Amino acid sequence: MRYSSSHMIYVFLIFIACANQQQGNEKSIVPQTDSSGEEIFHIDPRKFEDNELNLTYFASNISYISLSNKIKLGHILTIKLTKEAIYIVSDASSGGEGNGLETLVRFDKNGQNPVQIGAIGKGPHEYLSCRYFVVDEKHDRIYINGKVNSVLVFNTKGNYIRDFKFEYTGQRFSQMELLGNKYLFMGIKGLGANVEYLWTITDTLGHNVSQKRNII
């Protein structure tokens, strides 16, 4: 796995979305050439054959990183790659939120020197979940939407920095992204008319910048 592996995954999904819709006895992987001379592979998962799909279709060189076992990982929930590190959220029990086993761990880019970021719990510096998080390594900050209506901030060594709440209490988030190292984008969790807003954008101190009202 290289650090561009996330790009490989996106490319793979695009290939599947553009799969050849023609029926017949064609192979599931059909190479073609576009106007610029680049080779494009159309993939039809319905026609897969044993040992037909190889990783070499997507990358000329693939390497694997062995993660340090100094911190035990359980069921992998989330993986994020940056230029400097590998972030993994795992749950050793495969249970629900608040069981004390879901953790966010930072490895260096070689898979070594693991550091646990914060801890799950109900204490003032703890979170109930860490699946939705973003990393700003330029400013040594990790933002975790770990409680209802709250974001907790840690540094990349796992130390608690601060937290902040939002003006509209009770809202839950299903997505979190960092915009230009200055803003946090959060998609609201909810269906239909049950939510007042669809998403919100704040600065990294929690001050509201923009919101999209739900018109349903």
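So, here is what we can say about the structure in this document. (Residues numbered from 1 in each chain as written. Predicted model: local features only at pLDDT ≥ 70, side-chain atom pairs only at ≥ 80, totals over all residues. Heavy atoms only, no water.)

### Overview of the overall build of the protein chain
Next up, step 1: Summing up its helical and strand segments, the protein chain has one helix and 14 strands in all.
Next up, step 2: Expressed as a percentage of its 216 residues, the buried residues of the protein chain come to 36%.
Next up, step 3: Once local pairs closer than 6 in sequence are excluded, the contacts in the protein chain between residues at least 24 apart make up 36%.
Next up, step 4: Entry remark: accessible area of the protein chain is about 13100 Å², with carbon and sulfur atoms responsible for 51%. (Helix = DSSP H or I, 4+ residues; strand = E, 2+ residues; numbered from the N terminus. Buried < 20%, exposed > 50% of the residue type's maximum accessible area, 1.4 Å probe, protein only. Contact = heavy atoms within 4.5 Å. Areas by Shrake-Rupley, 256 points an atom, 1.4 Å probe, with all protein chains shown as cover.)

### Details of the side chain of Thr204
Next up, step 1: Along the polypeptide, Thr204 turns up in the loop between strand S13 (197–203) and strand S14 (208–213).
Next up, step 2: Exposure remark for Thr204: the relative accessible area of 16% places this residue in the buried category.
Next up, step 3: In contact with Thr204, other than residues within four places in its own chain, are Tyr143, Arg162, Phe164, Asn181, Lys182, Tyr183 and Leu184.

### Things to note about the pairing of strand S3 (residues 75–81)
Next up, step 1: Pairing of S3 with strand S4 (residues 85–91) involves six bridges; the strand directions are antiparallel. Bridge pairing in S4 places Ile76 opposite Ser90.
Next up, step 2: Here S3 folds back onto S4 in antiparallel fashion, the turn holding three residues. (Pairing = 2+ DSSP bridges.)

### Regarding the sheet that holds S3
In a beta sheet, neighbouring strands are held together by backbone hydrogen bonds and run either parallel or antiparallel to one another.
Next up, step 1: Here four strands make up an open sheet; going across it, the order is S3-S4-S5-S6 and the pairing antiparallel. Where the open sheet ends on each side, the last strands, each with one partner, are S3 and strand S6 (115–117). Neighbour to neighbour, the strand axes of the sheet diverge by 30° on average, direction disregarded. (Axes fitted to C-alpha atoms, helices over the stretch in contact; angles between N-to-C directions.)

### As for the sheet that holds strand S12 (residues 183–188)
Next up, step 1: Read from one edge of the open sheet, four strands run S11-S12-S13-S14, paired in antiparallel fashion. Lying at the two open borders of the sheet, with one neighbouring strand each, are strand S11 (173–179) and S14. Taken pair by pair, the neighbouring strands of this sheet meet at an average axis angle of 15°, ignoring direction.
Next up, step 2: Examined bridge by bridge, S13 and S14 share five bridges and lie antiparallel to one another. For Thr200, the partnering residue across the bridge sits in S14 and is Gln211.

### What to know about the packing of aromatic side chains
Next up, step 1: With the rule as written, the count across this model stands at four aromatic pairs.
Next up, step 2: When the ring of Tyr87 is compared with that of Phe133, the centres are 6.2 Å apart and the planes differ by 50°; the resulting orientation is tilted. In this pair, Tyr87 is assigned in strand S4 and Phe133 in strand S7 (residues 133–136), connecting sequence segments 46 residues apart. In this structure, Tyr87 and Phe133 share a single accessibility class: buried.
Next up, step 3: Their ring planes at 85° and their centres at 6.1 Å tell us that Tyr127 and Phe154 sit as a pair that is edge-to-face. Of this pair, Tyr127 sits in the loop between S6 and S7 while Phe154 sits in strand S9 (residues 150–154), placing them 27 residues apart in sequence. Assigned by exposure class, Tyr127 and Phe154 land together as buried. (Phe/Tyr/Trp six-rings, centres within 6.5 Å; stacked < 30°, edge-to-face > 60°.)

### Structural notes on the pattern of salt bridges
Opposite charge on two side chains lets them pair, provided their charged atoms get close.
Next up, step 1: For the structure on display, the rule yields three salt bridges.
Next up, step 2: A salt bridge links Glu102 to Arg131; the shortest N-O distance between them is 3.8 Å. One end of the pair, Glu102, is in strand S5 (residues 102–108); the other, Arg131, is in the loop between S6 and S7, with 29 residues separating them in the sequence.
Next up, step 3: Residue Arg131 is classed as partly exposed on the basis of its relative accessible area of 34%.
Next up, step 4: The closest approach of N and O atoms between Glu196 and Arg213, which form a salt bridge, is 3.2 Å. Note that Glu196 is positioned in the loop between S12 and S13 and Arg213 in strand S14, a separation of 17 residues in sequence. (Salt bridge = Lys/Arg side-chain N within 4 Å of Asp/Glu carboxyl O.)

What is shown is where atoms sit, not what they do.
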